[in-house]
Amino acid sequence: MDAGPVLWVLLQSLELESVRRGRAKPMSGVMKRMGMIFRAKANKALDRAEDPRETLDYSYQKQLELLQKVRRGVADVATSRKRLELQLNQLQSQSSKLEDQGRKALALGREDLAREALSRRAALQQQVTDLETQHTTLQGEEEKLTLAAQRLQAKVDAFRTKKETIKATYTAAQAQTRIGEAFSGISEEMGDVGLAIQRAEDKTQQLQARAGAIDELLASGALDDPTGMAKDDIQAELERLSGGTDVELELQRMKAELAGGTSAQQQAIEGGTDKAQPQQPQDTPRFDKQ
Amino acid sequence: MIVRIMGEGQVRLADGHLTELNKLDDVLLTEVQNGDGPAFRQTLQALLAKVRELGEPLPDDSLEPSELILPSPDATLEEVRDLLSDDGLIPG
């Protein structure tokens with residue numbers, strides 16, 4: 001935090017000087033500089049302690065805290081992932097409902113209604129695709145953090161053992177080197193894990209904001225009806241249409257029954273009523289107008 | 001020589017590979033400084049692939065510090081630039 005810009009300036013000046021002298025650049029690569037920056041950070045923390053052995057306990061405390069944080073991170077990411085899965089299910093069932101509506105509308109000869117249902121479905125599918133991408137991202141984060149937690153746990157355990165040995169066996173002066181070795185290794189790991197946690201938090205926060213928006217949409221029923229018209233107007237229209245069809249079918253069935261009964265009766269009825277009646281089947285619009 | 005790949009862990013590499021890695025590493029830094037995103041991504045992936053290929057993973061409970069540290073595979077150019085310009089980004 002504090003030494004950052006200073007270190008950078010130092011690195012720059014080193015490089016400039018070396019260039020001026022025509023020597024090989026000492027810090028000419030990314031991984032070399034990063035290695036140095038991490039080491040500088042560890043050394044600085046170590047230098048602050050009066051008795052380096054105090055650093056051991058303090059660092060161990062920090063390690064346990066970080067371990068807790070990583071585990072919480074894993075749990076948070078898992079929660080977000082599950083929420084996404086729930087939303088995906090809801091969106092997908094909504095999507096197949098629209099597909100069914102489209103099919104039904106087409107069967108009833110209402111291509112306009114089918115088109116509307118399918119275009120709503122296309123909009124939903126876009127959401128589904130987005131969520132699926134996010135889901136993959138979250139799964140990746142969860143996996144990475146889980147592995148990070150495992151690595152950190154192994155290192156923290158090793159550090160605890162080493163810490164006890166150092167404290168029991170060495171004087172402050174002797175301990176210095178030993179501590180330095182153990183400390184820079186664990187400090188580097190903590191820096192790495194700390195960054196991983198930050199990145200995961202950033203990612204889940206972004207995703208949570210979007211997930212919240214989708215939850216609101218699902219709750220408001222707006223996804224049922226992206227056009228802002230009456231709630232699920234397609235369903236209402238379909239029910240109206242198929243309701244009419246059922247009545248028609250029933251009528252036809254009854255007529256057929258009557259016709260099949262006795263031909264005399266049939267003729268009597270037909271003679272006395274409408275001659276056009278036998279051609280009537282399937283002609284829905286005519287029925288609607290009557 | 002020990003190399004850390006951030007977010008992945010550490011590997012041990014024979015010192016003989018250093019020259020080869022250094023070349024890519026130098027190119028990578030130039031690309032970071034020039035803000036050349038696509039080239040940066042390509043070089044970073046090449047460098048990571050080399051390190052993974054040549055290196056032997058260190059056990060999880062190893063406490064050895066790394067000499068070289070590589071950004072994680074999905075790190076952006078901006079993130080790497082920030083890491084290099086301000087170590088305040090590294091927590092702990």
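Not measured: the values here are computed from a predicted model. (Residues numbered from 1 in each chain as written. Chains lettered and ligands numbered in written order. Predicted model: local features only at pLDDT ≥ 70, side-chain atom pairs only at ≥ 80, totals over all residues. Heavy atoms only, no water.)

Undergrad: For this particular structure, what's the right way to read the overall build of chain A?
TA: If you tally the helices and strands in chain A, you get eight helices and zero strands. Counting from the amino terminus, chain A carries its helices and strands in the arrangement α-α-α-α-α-α-α-α. Across the 290 residues that make up chain A, the buried fraction comes to 37%. Within chain A, contacts between residues separated by at least 24 positions form 80% of all contacts whose residues are at least 6 apart in sequence. (Helix = DSSP H or I, 4+ residues; strand = E, 2+ residues; numbered from the N terminus. Buried < 20%, exposed > 50% of the residue type's maximum accessible area, 1.4 Å probe, protein only. Contact = heavy atoms within 4.5 Å.)

Undergrad: Looking at this structure, I do not really get the pairing of strand β1 (residues 2-5) of chain B. What am I missing?
TA: Strand residues, when the strand is regular, have side chains that alternate between the two faces of the sheet. Residues and elements named next belong to chain B. Residues I2 and R4 point to one face of β1 and V3 and I5 to the other, with burial holding for every one of them. Direction of pairing for β1 relative to strand β2 (residues 9-12): antiparallel, over a ladder of four bridges. Bridging from a neighbouring strand, I2 pairs with R12 of β2. A loop of three residues connects β1 with β2, the two strands running antiparallel in sequence, and G7 in this loop sits at a positive phi of about 80°. Direction of pairing for β1 relative to strand β4 (residues 68-70): parallel, over a ladder of three bridges. Residue pairing in the sheet places I5 in a bridge with L70 of β4. (Pairing = 2+ DSSP bridges.)

Undergrad: It is not clear to me how the pattern of salt bridges should be interpreted in this structure. Could you clarify?
TA: Side chains carrying opposite charge are able to pair once their charged atoms draw close together. Evaluation of the coordinates by the stated rule reveals 32 salt bridges over all chains. Across the pair A:E116 and A:R120 runs a salt bridge, and its minimum N-O distance is 2.7 Å. Of this pair, A:E116 and A:R120 both sit in helix α4 (residues 111-169), four residues apart, which is roughly one turn of that helix. Among the residues examined, A:R120 registers a relative accessible area of 3% and is labelled buried. For A:D233, the salt bridge identified is with A:R120, shortest N-O distance 3.0 Å. Of this pair, A:D233 sits in helix α6 (residues 233-261) while A:R120 sits in helix α4, placing them 113 residues apart in sequence. As far as burial versus exposure is concerned, A:D233 and A:R120 are alike and both buried. Because the salt bridges share partners, they merge into one network encompassing A:E141, A:K144, A:R199, A:K203, B:D74 and B:E79. (Salt bridge = Lys/Arg side-chain N within 4 Å of Asp/Glu carboxyl O.)

Undergrad: Looking at this model, I keep getting lost on the interface of chain B and chain A. Mind explaining?
TA: Interface size, as often reported, equals the accessible area lost upon joining of the parts. The interface is formed by 44 residues belonging to chain B together with 42 residues belonging to chain A. For the pair chain B and chain A, the two sides together bury roughly 3800 Å², of which 59% comes from carbon and sulfur. At the surface where chain B touches chain A, the tally comes to eight salt bridges. Linking B:E79 and A:R199 is a salt bridge whose minimum nitrogen-to-oxygen distance equals 2.9 Å. Summed over the shared surface of chain B and chain A, the result is 20 residue pairs in polar contact (both at pLDDT 80 or more). Elements with a contribution of two residues or more to the side of chain B that touches chain A: β1, β2, α1 (18-34), β4 and α3 (77-85) of chain B. (Buried area = accessible area lost by both parts, 1.4 Å probe. Polar contact = N/O pair within 3.5 Å; in protein donor to acceptor, adjacent residues only side chain to side chain.)

Undergrad: So what exactly am I meant to see when it comes to the side chain of B:S72 here?
TA: In this structure, B:S72 sits in the loop between β4 and α3. Residue class for B:S72 comes out buried when judged on its relative accessible area of 11%. A polar contact of 3.0 Å, which involves the side chain of B:S72, links it to the side chain of B:D74. When residues no more than four places from it in sequence are discounted, the contact partners of B:S72 are A:R199, B:M6 and B:L44.

Undergrad: Sorry if this is basic, but what is going on with the side chain of A:R81 here?
TA: Residue and element names in this part refer to chain A. Within the element layout of this structure, R81 appears in helix α3 (residues 52-107). The class for R81 is buried, based on a relative accessible area of 15%. Not counting the four nearest positions on each side in its chain, R81 is found in contact with H135, L138, Q139 and E142.

Undergrad: Explanation requested: the nonpolar core in the structure shown.
TA: One recurring pattern in soluble globular proteins: nonpolar side chains tend to sit buried together. In this structure, A:V70, A:L145, A:L152, A:F159 and A:I179 are the most contacted members of the largest nonpolar core, which totals 45 residues. Mapped by element, the contributors of at least two residues to this core are α2 (30-48), α3, α4, α5 (172-220) and α6 of chain A. The element best represented in this core is α4(A), accounting for 15 residues. Excluding its chain neighbours within four sequence positions, the residues that come into contact with A:I179 are A:L46, A:P52, A:R53, A:L56 and A:I166. Formed by 29 residues, the second largest nonpolar core is a distinct cluster that contains A:V30, B:M1, B:V3 and B:I5. (Core = buried A, V, L, I, M, F, W, Y, C linked by side-chain atoms within 4.5 Å.)

Undergrad: Mind showing me how you'd approach the sheet that holds β4(B) here?
TA: Strands pair in a sheet through their backbones, by hydrogen bonds, and they do so in one of two ways: parallel or antiparallel. Spatially, the four strands line up as an open sheet ordered β3-β2-β1-β4 (chain B), and their pairing is mixed. Of all strands in the sheet, those with a lone pairing partner are β3 (56-57) and β4 of chain B, marking the two edges.

Undergrad: Whenever I open this one, the confidence of the model for chain B confuses me. Can you help?
TA: Any residue range with low pLDDT should be treated as having predicted coordinates unsuitable for detailed reading. With 92% of its residues at a pLDDT of 70 or more, chain B shows a mean pLDDT of 90. Complex prediction metrics read pTM 0.71 and ipTM 0.89. (pLDDT = per-residue confidence, 0-100.)

Undergrad: Would you take a moment to explain the environment of A:T177 for this structure?
TA: Within the secondary structure layout, A:T177 lies in helix α5. Along the sequence, A:T177 and A:P52 sit 125 residues apart, while their C-alpha atoms lie 9.4 Å from each other.

Undergrad: Where do I start with the pairing of β2(B) in this structure?
TA: Both β2(B) and β3(B) contribute to a ladder of two bridges, which runs antiparallel. The residue bridging B:V11 from the neighbouring strand is B:P57, located in β3(B).

Undergrad: What's the story with helix α2 (residues 37-54) of chain B in this structure? I'm lost.
TA: Quick reminder: α-helices carry 3.6 residues per turn. Residues three or four places apart thus point the same way. For α2(B), with 18 residues, the first-to-last C-alpha span of 26 Å sits near the 26 Å given by 1.5 Å per residue. Listed as buried for α2(B) are B:A39, B:F40, B:T43, B:L44, B:L47, B:L48 and B:V51. Angular distribution of buried residues about the axis of α2(B) spans 160°; they occupy a single face of the element. In α2(B), the exposed positions angled more than 90 degrees off the buried face are occupied by B:P38, B:Q42 and B:E53. Buried residues belonging to α2(B) abut α2 of chain A together with β1, β2, α1, β4 and α3 of chain B. (Expected span 1.5 Å × (residues − 1). Arc of directions from axis to C-beta.)

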